[in-house]
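# Structural overview for review
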Amino acid sequence: MTSQHYKSNSLIDLSWTLSELVSDQWLDQETANQIATAPRGKEQALWHPLQKIAEAKAKRETLPAIDLTLEVLTEWLAEKADLPVYYIDPLKIDVASVTSVMSYQYAERHQILAVEVTEDEILIASAQPFYTEWEQGLRQVVRNKTFKRVFANPADIHRYSIEFYNLSKSVQGATGKQEASSKVTNFEQLLELKDIKSADANDQHIVNIVDWLLQYSFDQRASDIHMEPRRDKGKIRFRIDGVLHDVYEMPAVVLSAVTSRIKILGRMNVAEKRKPQDGRLKTKTPSGEEVELRLSTLPTAFGEKMVMRIFDPDVLVRSFTELGLTKDDYIFWQEMVTKANGIVLVTGPTGSGKTTTLYSTLKQIATSEVNVCTVEDPIEMVEPSFNQMQVLASMDLTFSTGLKALLRQDPDIIMVGEIRDLETAEMAVQAALTGHLVISTLHTNDAASAVTRLEDLGVAPYLISATLNGVMAQRLVRTLCPHCKVSEEIPDDVWSMLTSPWKAKKPKKSYQPKGCLECRETGYLGRVGIYEIMRTTHTVKEAISSGVSLEELRKMIYRQGTRNLRLSGARKVGAGLTTAEEVLRVTPAVVI
């Protein structure tokens, strides 16, 4: 209900806000007095009244279990002003549109921000729910559109006003300079080698855009940044929890300069745009943690596409429980990787978490008593406790030649980034036979398929049998947001698809995604691994040596207790971590 004793078209202050909270029995008078007289610095003095109250970390008088956070106070004031609450999701904001509605100075002066622009209406988020003086001035500039007011978190309005307008200003500034000196590099001009001068790439506007892009990706928990050129507009997308989200569109010439700037930082050849290139970059998160980024460019019809893979600095310190391994999985995995010799394989498609598993494992077993060497393409994360070598095809340094060189380096444990060909496979087998532990990856759908993949490459079955310690197939599934997941029974047919051909009991309780602020209305927050571990017991080794078929090998390992990926995922569903639909989305059907 709108406050009866507050003037329309006025700015609220701390005194009025505290008085209303006391009147509504949200605060006692003593606490209100303490907040009113608390000393504040120069910057804090400029805060919105709700921010000053939230800083005190007070409890609601009639319901002490509720903290008076900025979010809670925002909802209280919105209800008082009879306005809907709007939660600003920067991934869903069309920055170019909202910043064109009004100037930054006007938005900041009136504590407002345009958040949605359609053909007929502009949605304006305000931090002052009773203040409407800005409407008259805005109507003189923006005609033929209606305004709809909403109330939003004052801190968000202030923060995103700065971010959106700074980004828009940088893009506009860069557009003017780039258009004067560069043309769009589309497929009609692809054969021309155009050198964007480093002065353009180092222009302050471009520097600002790159800084924003990297920091923003860290804030949004992105694992990959995609920069995709088109004929007129360039698109930026983030991969978050395995799903791509559109983030921003900018003129193609600006995106080209941003790409050049990142190539300079990654020590890549800025002039070369016709060949794919790889590079790496180290930067810092807003909290000061160092982050590795792997850069990759690809020539496309309208210019260079760049993908930046972001490596989480916490990966190497995560426990296997955090990665999603159950107690049994962990015991089996440890049994495989702590043997003195043999081959251990991790399988799965790109983006299934294989690198994380390998690095976490190596970090754990890389003691001062052993020599751990890796040959990678490229080196994903630099780790001081390993001796890492990068494949360089231009210098004839391949996985197989690198592995051959490593064998003369007195290694105990060797990690090969990927077994791609017979020569590398044979070198891995040779290393395992001569007393080394080799850990590597393969691209197969499940654990048993790794055996047939090695056979397809040309490795003799008896050699696979003699050297293979075990195989772990894995996938990553999105985990349900703990803040908003809702209880809902799994349909019988869906559970049957998930656990067939086994007769697993359906859990009494399961959950579905709902969507909230914490998870950006997706219902999912983070990812966890699901695993299928094939142990090469004496029976399995004999079967491999005799040339058993893939179907028979699957039946054998399942009879011995191996849980396939879907059944492993079903346990995560039963634990309330994810949904059956999510597991079915990322796992192959069981064929036995």
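That block above? That's the structure.
Predicted, not measured: the structure shown is a model, and the values here were computed from it. (Residues numbered from 1 in each chain as written. Predicted model: local features only at pLDDT ≥ 70, side-chain atom pairs only at ≥ 80, totals over all residues. Heavy atoms only, no water.)

The helix and strand inventory of the chain stands at 23 helices and 19 strands. Across its three principal axes, the chain shows a C-alpha extent of roughly 90 × 65 × 45 Å. Of all 592 residues assigned to the chain, the portion counted as buried reaches 51%. Across the chain, every contact between residues at least 6 apart in sequence was considered, and the portion connecting residues at least 24 apart equals 66%. (Helix = DSSP H or I, 4+ residues; strand = E, 2+ residues; numbered from the N terminus. Buried < 20%, exposed > 50% of the residue type's maximum accessible area, 1.4 Å probe, protein only. Contact = heavy atoms within 4.5 Å.)

This part covers the state of the cysteines. One pass over the full model with this rule turns up zero disulfides. Here Cys481 is not disulfide-linked; the sulfur of Cys516 is the nearest cysteine sulfur, at 3.7 Å. Accessibility expressed as a relative area gives 0% for Cys481, which makes it buried. Cys519 takes part in no disulfide bond, and the closest cysteine sulfur, belonging to Cys484, lies 3.8 Å away. (Disulfide = S-S within 2.5 Å.)

Attention shifts here to the packing of aromatic side chains. Scanning all chains against the criterion turns up 11 aromatic pairs. For the pair Tyr160 and Phe164, a centre-to-centre distance of 5.5 Å together with 20° between the ring planes defines the contact as stacked. Placement of the pair is Tyr160 and Phe164 together in helix α8 (residues 154–181), with a separation of four residues, close to one helical turn. Through successive ring pairs, a cluster of aromatic residues spans Trp212, Tyr216, Phe238 and Tyr248. Above the face of the Tyr524 ring, Arg478 is positioned so that its terminal group lies 4.1 Å from the ring centre. (Phe/Tyr/Trp six-rings, centres within 6.5 Å; stacked < 30°, edge-to-face > 60°. Lys NZ or Arg CZ within 6 Å of the ring centre and 35° of its normal.)

A few words now on the side chain of Arg478. Relative to the helices and strands, Arg478 resides in strand β16 (residues 468–480). According to the relative accessible area criterion, Arg478 is buried, its value standing at 17%. Setting aside anything within four residues of it in sequence, one finds Arg478 in contact with Asp241, Val243, Tyr524, Gly526, Arg527, Leu577, Thr578, Glu582 and Arg585.

Quick look at the pattern of salt bridges now. Inspection of the entire model under this criterion finds 28 salt bridges. Here Asp24 and Lys80 are joined by a salt bridge, their closest N and O atoms 2.8 Å apart. With a gap of 56 residues between them, Asp24 in the loop between α1 (14–23) and α2 (29–37) and Lys80 in helix α4 (residues 70–81) connect regions that are remote in the sequence. On the accessibility criterion, Asp24 (29% relative accessible area) is partly exposed. Residue Glu292 pairs with Arg280 through a salt bridge whose shortest N-O separation is 3.2 Å. Of this pair, Glu292 sits in strand β9 (residues 290–300) while Arg280 sits in strand β8 (residues 277–284), placing them 12 residues apart in sequence. (Salt bridge = Lys/Arg side-chain N within 4 Å of Asp/Glu carboxyl O.)

Burial analysis of β16 places 12 of its 13 residues in the buried class, which makes it a mostly covered element. In terms of strand pairing, strand β11 (residues 342–347) meets β16 through five bridges, oriented parallel. Counted as the bridge partner of Val344 is Gly470 from β16. One ladder, built from 10 bridges, connects β16 with strand β19 (residues 524–535); its direction is antiparallel. By the bridge assignment for β19, Val477 is matched with Val528. (Pairing = 2+ DSSP bridges.)

Moving on, we come to the pairing of β8. Consecutive residues of a regular strand have side chains that alternate between opposite faces of the sheet. When β8 meets β9, the two strands line up antiparallel, connected through eight bridges. When the sheet's bridge partners are listed, Lys282 is paired in β9 with Glu292. Here β8 folds back onto β9 in antiparallel fashion, the turn holding five residues, of which Gly288 has a positive phi close to 95°.

Packing of helix α10 (residues 204–219) against helix α11 (residues 252–265) brings their axes to within 9 Å, and their N-to-C directions diverge by 75°. For the element pair α10 / α11, the angle class is roughly perpendicular. Residue-level contacts link Ile206, Val207, Ile209, Val210 and Leu213 of α10 to Val254, Ala257, Val258, Arg261, Ile262 and Leu265 of α11. (Axes fitted to C-alpha atoms, helices over the stretch in contact; angles between N-to-C directions. Parallel < 35°, antiparallel > 145°, perpendicular 65-115°, else oblique.)

A few words on unusual backbone geometry. Between Ser500 and the following residue, Pro501, the backbone shows a cis peptide bond with an omega angle of 5°. Mapped onto the secondary structure, Pro501 falls in the loop between α19 (492–499) and β18 (511–512). Even without being glycine, Gln111 reaches a positive phi, approximately 55°. A positive phi angle, near 55°, is found at Arg267, a position not held by glycine. Tracing the sequence through the fold places Arg267 in the loop between α11 and β8.

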